[in-house]
Amino acid sequence: MAGTQNSTGADIHAPPSEYYSGPLALKSAGINRSRSRNYQRFHAPADDSQSTLRRRGSIDDKSHHPRRLLIDIATIERAILEQEDTNGDYQITIEDSGPKVLKVPTASSNGNRTIEVRGTYMLSNLLQEMALAKDCGLRQVVIDEERLSENPVNRLSRMIRTTFWNGLVRCMDEAGIQKICADPKNTKPGAQPIIYVPFGDAPALEYYTGVARDLASLNIRVVRLPRDITPQYVKSINNQFGILTLAADVSYDAGGRLVYKPLPFVVPGGRFNEQYGWDSYFEALGLLADGRVQLAKNMVDNFVYEIKHYGKILNANRSYYLTRSQPPFLTDMALKVYDALSDPLRDEWLRNALSAAITEYHTVWTCAPRLDPVTGLSCYHPTGIGMPPETESTHFDHIVAPYAERLGIDVAEYKRLYAADAIHEPELDAYFVHDRAVRESGHDTTYRLERRCASLATVDLNCLLYRYEVDLASAIDLHFGGSMATDGHVSTSTEWRQRAEARRSAMDRYLWNESKGLYFDYDVELKEQSAYESVTALWALWAGCASQEQAARLVDAACRRFEAAGGLVSGTEESRGRITLLRPNRQWDYPYGWAPHQMLAWCGLYAYGYATVARRLAYRWLYTITRAFVDFNGVVPEKFDVVGMTHRFQVEYGNVGVDFKMVPREGFGWMNASYQVGLTYLTSHMRRALGALTEPEVFFERAGWSTDASASHTPASTPMPVPVFAMADARRLRGVTPLHCALEAALSPTDSPAYFDMPLTATTDDPRTPASPGSDSTADDGNTPSTTKELL
């Protein structure tokens, strides 16, 4: 997006590091500090009925005359917090009861006159901007009023692109090791930092041994893992939490000395201070949408490293996750990074990434204990033993209590004896197998999976493995001539197509419910479908394994069951069941909505010809995020109650991303990504309505926007705006999935369909170019009534 310049020539909407280092940045010696006396608090008159000033809402009309504020940070910060932060949380939100008006000195008057900063949104932005200026070492600064009243969509997208991603970057080098070693989940007092190094990575062992020596004050212990990392070994280090090393650029200088450069990567945020499995896929989508290709590539490289040295893509790179994976997305993640690379060695890089994915496929997901040999489908089933150690110390007390009571001992003693294998309880063993499986699924926790997850061939996992199979078939054809050598074995596109077709047939047989028009999890022990209705049924559209007929029924059923005011809800209220004190709500159940479910649904819906539904759902979700951002001091949380459209609720594990002072610096990884990717689905008038905080139902009614589950276009067409990644996905899966086989068959050999032949990376003057999340240049798609264009 082109910058807006003020009278000094500075870009009003530049990143903080630029904005506060330019001509508007005033060092302490360059300003007369006595001018701060001109600041005036708002004082309500004794008779409120005579006041012409009332408490303002979140957004006020901005002045037509650009103005700049002269800020003494300490003075204004103290004043705004004393007057407006009435609940003392160092944030200015709609829950604070202050007057929402603050008089601030102007730069044009040299601090002798003031203007009013009004409303929750502008006041909270003022608080945030002062905190960002302090981060740049300033005590006084000039701030453009337009920076405080910036369109909230543009501001949030800009903050994600220029601030939040940077705040989430970690690196396991000497400069960053202290930050990454910190584990908020490790509540043991005085715990020593431990770095675990794989048995086969000698350069890492040399490097981190040197780091521990050079940073002796941190008391870091470096431990070399055994060659064979067994569940028994992992259990033996349950009380020795540590970080696991990741990939690095390794070379040697002319003198033969090691040059070891660990790769930076992105973490989810909050207490999740390591690289996670499925979080990384969605974060990578956001990074790629924002042009941060190298970070996304690094995260793929880290996954390849994990498969090589730890045997799987880990839940995250902590020692207590060594026996547990997470939902697999590596093939699509690697292919999307590949599309964005210009490196002449990118084909070899892709071969290496896909070879790792093939290894993971065979050694993790399609063998015991995760493969069910009867159905041919896979289950989440990690190999860890006993109680997961990373949970809160009392997390399982209510589970253990009946067993302890049966033996006449207290819970703490029972847990100690159970951990030492002095007590053997098969029922409890089975409970923890399922509990670990829930965590491996990424959906921890939900009544959908509780006490049965390891026995469920879930829709989501098998959709992901189907996508692995079709991705590999397509990539081997497109990039390696139909066959690819991997670790002494030659993989062909034909064999991967056969695997995909076998899985799709099994999914149709065991997971598809014809009468309900939905996919359901299948219990391989009970040999029956689960009755829980989950939004993960829509993953079949993302994977491409549904026929057009199945898709039509699926979209209709899903919209009726899962579409809520603020986006897609995880499951139905009926499936979740009644909530009581003894049966509390779970965070992956109704009424909560999560970014991964939204993003996969949008992609699948657009691919199958339901662009209007995809855009409608994207608008709902982005409105929910934007509304919270405006009303709650820039918050971007981990999840939402999409029925109540709020992030303020009490549920297990809380809501990561809401605890900050003054200014959010990270957002939350996949939530950031969903915003940037989601913006590319919106038409220009949808984006304008979002910036004006037009509620979804109001917008849809005024715009005449379809609110049913009807298809809006044929899958072979590309209604604009074309979402990010849509073209690459269509070209890659051509002739592989049922959807794309049907598309190809419907086209004559002489056709040159835009859907397949459009370049993966369109030029800037190509009208089909996907809209950048940071721009407001999204084209109309031609499917929306003209009344929408006149709405705003």
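In this report, we go over the structure that sits alongside the text. (Residues numbered from 1 in each chain as written. Predicted model: local features only at pLDDT ≥ 70, side-chain atom pairs only at ≥ 80, totals over all residues. Heavy atoms only, no water.)

1. Considering the packing of aromatic side chains
Operational definition: The pairing test for Phe, Tyr and Trp rings, Trp by its six-membered ring, is centres within 6.5 Å, and the orientation test on the planes gives stacked under 30 degrees, edge-to-face over 60, and tilted for anything in between. For every residue, the accessible area obtained with a 1.4 Å probe (protein chains only) is divided by the maximum for its type, and the residue is called buried under 20%, exposed over 50%, and partly exposed between those limits. Strands here mean DSSP runs of E at least two residues long; helices mean DSSP runs of H or I at least four residues long; both are numbered from the N terminus.
Tallied over the entire structure, the rule returns 43 aromatic pairs. When the centroid spacing of 4.9 Å and the interplanar angle of 85° are considered together, the rings of tyrosine 207 and tyrosine 208 count as edge-to-face. The same class applies to tyrosine 207 as to tyrosine 208, namely buried. Pairing tyrosine 510 with tyrosine 522 gives two aromatic rings, centres 5.0 Å apart and planes at 55°, and the pair type is tilted. Here tyrosine 510 is found in helix H17 (residues 493–510), whereas its partner tyrosine 522 is found in strand S18 (residues 522–523), with 12 residues between them in sequence. Of the residues examined, tyrosine 510 reaches a relative accessible area of 13% and is grouped as buried.

2. As for the environment of alanine 557
In plain terms, the rule: By definition, residues are in contact when any of their heavy atoms lie within 4.5 Å.
Structurally, alanine 557 is set in helix H19 (residues 548–562). For alanine 557, a relative accessible area of 0% puts it in the buried group. Remark: the alpha-carbon pair of alanine 557 and leucine 518, spanning 39 residues in sequence, is separated by 6.9 Å. Contacts of alanine 557, omitting those with residues within four sequence positions, involve Lys516, Gly517 and Leu518.

3. Concerning the sheet that holds strand S8 (residues 221–224)
The line we're drawing: Paired strands, as defined in this entry, are two strands with at least two bridges between them according to DSSP. Every axis corresponds to a line fitted to the C-alpha atoms, with the helix fit spanning only the stretch in contact, and the corresponding angles, defined between N-to-C directions, vary from 0 to 180 degrees.
Strand order in the open sheet made by the three strands is S8-S7-S9, with parallel pairing throughout. The strands lining the two open edges of the sheet, one partner per strand, are S8 and strand S9 (243–244). Of the pairings in the sheet, the one linking strand S7 (residues 194–197) to S8 comprises four bridges and is parallel in character. Across the sheet, the residue bridging to isoleucine 194 is arginine 221, located in S8. Against the sheet, helix H7 (residues 202–214) touches S7 and S8, its axis set at about 160° to S8.

4. Points about the pattern of salt bridges
We count it as follows: One side-chain nitrogen of Lys or Arg within 4 Å of one carboxyl oxygen of Asp or Glu is enough to make a salt bridge.
Within the structure shown, the criterion is met by 46 salt bridges. Linking glutamate 95 and arginine 648 is a salt bridge whose minimum nitrogen-to-oxygen distance equals 2.5 Å. Here glutamate 95 is found in the loop between helix H2 (73–84) and strand S3 (101–105), whereas its partner arginine 648 is found in the loop between strand S23 (640–641) and helix H23 (669–679), with 553 residues between them in sequence. Owing to a relative accessible area of 44%, arginine 648 belongs among the partly exposed residues under this scheme.

5. Details of the environment of proline 382
Along the chain, proline 382 falls in the loop between helix H12 (346–365) and helix H13 (397–407). Take proline 382: its relative accessible area is 4%, and that puts it in the buried class. It is 9.8 Å that separates the C-alpha atoms of proline 382 and tyrosine 321, two residues lying 61 residues apart in sequence. If we skip the residues at most four places from it in the chain, proline 382 touches Thr323, Arg324, Arg370, Arg436, Ala437 and Glu440.

6. Considerations on the sheet that holds strand S19 (residues 528–529)
Strand order across the open sheet formed by three strands is S13-S18-S19, with antiparallel pairing between neighbours. At either margin of the open sheet sits one strand with a lone partner, and together these are strand S13 (456–457) and S19. Pairing geometry for S18 and S19, over two bridges, is antiparallel. Across the sheet, residue aspartate 523 finds its bridge partner in S19, namely glutamate 528.

7. Some points on the packing of helix H21 (residues 595–607) against H23
What counts, and what does not: Any angle that is under 35 degrees is reported as roughly parallel, and any over 145 degrees as roughly antiparallel; angles of 65 to 115 degrees are reported as roughly perpendicular and all others as oblique. Whether a crossing is left-handed or right-handed is set by the direction in which the near helix is turned from the far one by less than a right angle, anticlockwise for left-handed and clockwise for right-handed. Charged means Asp, Glu, Lys or Arg here, nonpolar means Ala, Val, Leu, Ile, Met, Phe, Trp, Tyr, Cys or Pro, and polar covers whatever is left, Gly included.
Running from N to C, H21 and H23 point in directions that differ by 25°, and their axes come no closer than 9 Å. Relative to H23, H21 is oriented roughly parallel. Pair H21 / H23 crosses with left-handed handedness. Facing H21, whose interface residues are Ala595, Pro596, Met599 and Trp602, H23 presents Trp670, Met671, Ala673, Ser674, Val677 and Gly678. Among the residues forming the contact of H21 with H23, the class breakdown is eight nonpolar, two polar and no charged.

8. Section: the side chain of histidine 443
Relative to the elements of secondary structure, histidine 443 occurs in the loop between helix H15 (426–441) and S13. With relative accessibility at 1%, the residue histidine 443 sits in the buried group. If sequence neighbours within four positions are ignored, histidine 443 has contacts with Trp278, Val438, Arg448, Leu449, Asp460, Thr536, Trp539, Trp588 and His597.

9. Thoughts on the nonpolar core
Threshold: Residue types Ala, Val, Leu, Ile, Met, Phe, Trp, Tyr and Cys, when buried and joined through side-chain atoms within 4.5 Å, form a set referred to as a nonpolar core.
Within the largest apolar cluster, 227 residues are counted, with the highest numbers of intra-cluster contacts made by Ile71 and Leu126. Beyond its immediate chain neighbours, meaning those up to four positions away, isoleucine 71 contacts Ile76, Val104, Leu126, Met130, Arg139, Gln140, Val141 and Ile143. Formed by 13 residues, the second largest nonpolar core is a distinct cluster that contains Met387, Tyr414, Leu417 and Tyr431.

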